[in-house]
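Working through the structure, step by step
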Amino acid sequence: MLVTLKDMKKIIGGNLLFERLNLEIKQGEKIGLVGRNGSGKTTIFKIIVKQEPFEQGDLFIKKGTKIGYLQQVPEYFSGTVKDFLLAGMEKLLSLKRKMEKLENEMQQAETLDMKLTEYGEIQEAFTAAGGYELDAQVEKVASGLGIGHLIPLPFSSLSGGEKTKAGLAKLLLQNPDLLLLDEPTNHLDLEAIEWLEQYISAFAGAVCIISHDRDFLNHSVEKIIDLENGEVHYYKGNYAQFVQQKEKKLLSEFAAFQEQQRKIKKMKETIKRLKQWANQANPPNEGLHKRARNMERALERMEKIERPEIDPDKMKLTLQAEHRTGKDVIKAMKVSKHYDGRHVLKELDLFLRYKDRLAIVGENGSGKTTLMKILLGELTPDSGSVIAGTQLAIGYLSQQPVEEMEEEKRLIDLFREEVPVSEGQARALLANFMFYGYSVFKKLGQLSGGERMRLKLAMFMHRGVNVLFLDEPTNHLDIESQEVLEDALANYQGTVLCISHDRYFLNTCFPETAYLYDGKLHRLPGNYQETNHKWKQWKASKAGKLSVPSKKQHSPTRSDPMDYEAVIIELEEQLAALKLKAETSGHRNFEKEKKRLEEKIEACYAAWLK
C-alpha cells in the first residue's frame, strides 16, 4: 500500500464534501479517479500531497514514497526550458557539479589518490541515480510530448499549452513512485496523448488519473475509483468496463430497493391492521398491540436501502437552428498567415457546406485556432480570402469561453443580456444547465471551467445559431455533460466545424476529418479512428520514412501496397482543389480533368482493396 485515506472528513466553503471517505492506492496500480465536477477529486489529490488540510481522519503514506503531482505550472521561470525540466533534480545535479569540480582539481592535485577515491564514490552514486542517461531521458520525454525543439528556449517564451507540457515532462523525468495526474490531456495534442498512454503503460510505478477523456482512460487504466456522494466504489477494468459494471450494479441495487419498499409497505399495512383489530376488540386486545409494537421496532431497526441514482441530474441541451444557411457556408481560398516569422498557414483552402460536420485535428501550434479565428473574421489573413455564405448565425465556443466576459458580472445578468427574458424565466432556463438557487448570482470570475462552458452552451441554445464553431468544447465538461453535448449535436440540423483532441468525441460526432499539417488542410472522409492510420502513413511518407510515388506515378507496383494509400490521398487532394477552383471561378471547363482524376482514384481504390 502506497497511500491510504481513512475516515477522511473535508469541508470546503461551509459545504461537506465527504465525511468518512476511505481510499487506497497500491504499488503499480493504474487507476482512473472519476466523478462529477465538484465531487472532490482534485481535493483528494491535494490532501495526498499535503496542500489541503482535512477536518478529521488519517492520511498514511508509505515511508520513502516519492509522489509526483501534475498541477498548475508557474507562469514565470527565469531560465531555459531545459533548466525548468531539471529544476526538480537538484540531488543529481549537485553530484554532477561535484564531479566536475573534482575533475578540475585532479588536474593539479598532489593528493590524486584521495581525490580519485572521492570521485569514484560520487560517480557511483551519479551512475546509480541515472545521471549518464539524464540528457537522453530529457530528449526522449520532451520529444514525446512535442516540445523537444523548445528545450534551448527561455521558459517565459512558451505558450500556456507548452508550459503545461513542460510541467508534465518535468514530472515524468523525476520518475516518482506515484504519479497523480489531474486532467493531463487538456492541453495535449493527439500525438502527445498517444505517447503519454504508451509511457503510462510502461511506467513501473503507480498512476492515479483524474480525466474526462474516455478514450485516454480506456487506454491508460486498469482500475476505476468512482467518487459519488462522498463515497468511493472500486471497479476492475478500464472506463468502458466500469460503465457496464456500474450500470449492472445500479440496476441490481434498484431492484433490491424496490423489493425492500414493497416489504416496508406490507409491514406498515400489517401494523395498521393489527392496531385496528386491537382497538375494535372489547376490551382492546393487548396481544395485538404488542405484536404491532414489535413489528414497528423491527421496521425501525431495518437497515434501509437508499434509492440509487439511476438517472443523475444532467444539463438539458437542445441545439436548434432557427433558419438554414445557403448551400455554401464558408469558402477560404489561398489563406496564408505568419506569426513571429513562422509560416503557420500556407495558401490553405477550405470549403464548408450546409450540414457539414468537419473536425480539424493537428499538433499544438499548427494553426487550428488561428484558422478558426480567420474564418470568423476575428483575424485577418496575410493573403487569400474568406467568403461567408448567406443567412449565417454563427455560434463560437472558444477554448476559454469566459475570457470575453467581465469577471465581476453576475452569471444571470450575462445570460439575460444574450437571452432577453425576465429574471424568473432566466432562472428556470439556467436550471436546465444545472445552475440552481443562488448559484445563478455567482460572479463570472467565480465559475469553474465546466460552469463557464455550460453557461456558453445555455446561451447558444437560445440564440438559434445555424453554424457552430467549437474549439476544444469537451475540455472542461464532465463526462455526463459531454454525453449530452454529443446527443445534442447528433440532432442538430446546422453546420459544425470543430477543433478537438478528444478521440471519443471525434469518433462519435464527426464523419469527416481534416488534418492541419505544414500549413495546409488534408481532408479525409471518415472519423478520426477511420482516417488516422492512413494519415500517419502518409505523414511518415512525407518525412521520408516510407517510399512514396511521385505525383506522375499513378500505378503503384503490386509489391508495395502501402503506396496505393499515398497515391489515393494525393489524388483526392488534387480533386478537392479542382472542385474548389471550379466552384469559385464559375467555369465549366474543368469537367474533363475532374473525370480523369475520379477514374484514377477509383482504379487505385480497386487495386488497393484487391
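Below or above, wherever it landed, is the structure these notes cover. Computed from a predicted structure; not experimentally measured. (Residues numbered from 1 in each chain as written. Predicted model: local features only at pLDDT ≥ 70, side-chain atom pairs only at ≥ 80, totals over all residues. Heavy atoms only, no water.)

**Observations concerning helix H19 (residues 591-609)**
With 19 residues, H19 extends 27 Å between its outermost C-alpha atoms, agreeing within 8% with the 27 Å of an ideal straight helix rising 1.5 Å per residue. Buried residues of H19: Leu597, Ile601 and Cys604, and no others. Here the buried residues of H19 occupy an arc of 65 degrees about the axis, which is enough to place them on one side. Opposite the packed face of H19, turned more than 90 degrees from it, sit the exposed residues Glu591, Lys592, Lys595, Glu602 and Leu609. (Helix = DSSP H or I, 4+ residues; strand = E, 2+ residues; numbered from the N terminus. Expected span 1.5 Å × (residues − 1). Buried < 20%, exposed > 50% of the residue type's maximum accessible area, 1.4 Å probe, protein only. Arc of directions from axis to C-beta.)

**As for the sheet that holds strand E9 (residues 231-236)**
Reading across from one edge, E5-E6-E7-E3-E8-E9 is the order of the 6 strands in this open sheet, with mixed pairing throughout. Whereas interior strands pair on both sides, the edge strands pair on one side only; in this sheet they are strand E5 (67-70) and E9. The sheet shows a mean angle of 15 degrees between the axes of neighbouring strands, taken without regard to direction. Sheet analysis places E5 next to strand E6 (residues 178-182), joined by 4 bridges and oriented parallel. (Pairing = 2+ DSSP bridges. Axes fitted to C-alpha atoms, helices over the stretch in contact; angles between N-to-C directions.)

**Remarks on the pattern of salt bridges**
A full pass over the atoms with the stated rule returns 27 salt bridges. Of the charged contacts, one joins Glu191 and Lys539 as a salt bridge, the two residues approaching to 2.3 Å between their closest N and O atoms. Taken together, the residues Glu191 in helix H7 (residues 190-202) and Lys539 in helix H17 (residues 528-542) connect sequence positions 348 residues apart. Of the charged contacts, one joins Lys346 and Asp518 as a salt bridge, the two residues approaching to 2.7 Å between their closest N and O atoms. Here the residue Lys346 occupies a position in strand E11 (residues 342-353), and Asp518 occupies one in the loop between strand E17 (512-517) and strand E18 (520-525), the gap between them amounting to 172 residues. (Salt bridge = Lys/Arg side-chain N within 4 Å of Asp/Glu carboxyl O.)

**Re the sheet that holds strand E2 (residues 15-25)**
With respect to topology, 3 strands assemble into an open sheet ordered E2-E1-E4, the strand pairing being antiparallel. If you trace the sheet from one side to the other, it starts and ends with E2 and strand E4 (56-61), each paired once. Across this sheet, the average inter-strand angle for adjacent strands is 25 degrees, counted without regard to direction. In terms of strand pairing, strand E1 (residues 3-12) meets E4 through 5 bridges, oriented antiparallel. In the strand pairing of E4, Leu5 is matched with Leu59. Contacts between helix H1 (residues 41-48) and the sheet are confined to E1, E2 and E4, with E1 contributing the most and set at about 120 degrees to the helix. (Contact = heavy atoms within 4.5 Å.)

**Some remarks on unusual backbone geometry**
Cis peptide bonds are those with omega within 30 degrees of zero, and the linkage from Asn282 to Pro283 qualifies with 0 degrees. Relative to the helices and strands, Pro283 is located in the loop between helix H9 (239-280) and helix H10 (286-301). In the Ramachandran plot, Glu347 falls in the positive-phi region, its phi being about 45 degrees despite a non-glycine side chain. With respect to the element layout, Glu347 can be found in strand E11. The exposure class of Glu347 is partly exposed, given its relative accessible area of 44%.

**With respect to the side chain of Asn507**
Tracing the sequence through the fold places Asn507 in helix H16 (residues 503-509). Looking at Asn507, its side chain comes within polar contact range of the main-chain nitrogen of Tyr528, at 3.4 Å. Excluding anything up to four places from it in sequence, Asn507 contacts Asp215, Asn527, Tyr528 and Gln529. (Polar contact = N/O pair within 3.5 Å; in protein donor to acceptor, adjacent residues only side chain to side chain.)

**A word on the nonpolar core**
Counting 52 residues, the largest nonpolar core has Leu85, Leu145, Leu168, Leu172, Leu181, Leu196 and Ile209 as the members making the most contacts within it. Residues within four places of Leu172 in sequence aside, it is in contact with Val141, Leu179, Trp195, Leu196 and Tyr199. Listed in part, the 48 residues of the second largest apolar core include Leu468, Phe505, Cys509 and Leu524. (Core = buried A, V, L, I, M, F, W, Y, C linked by side-chain atoms within 4.5 Å.)

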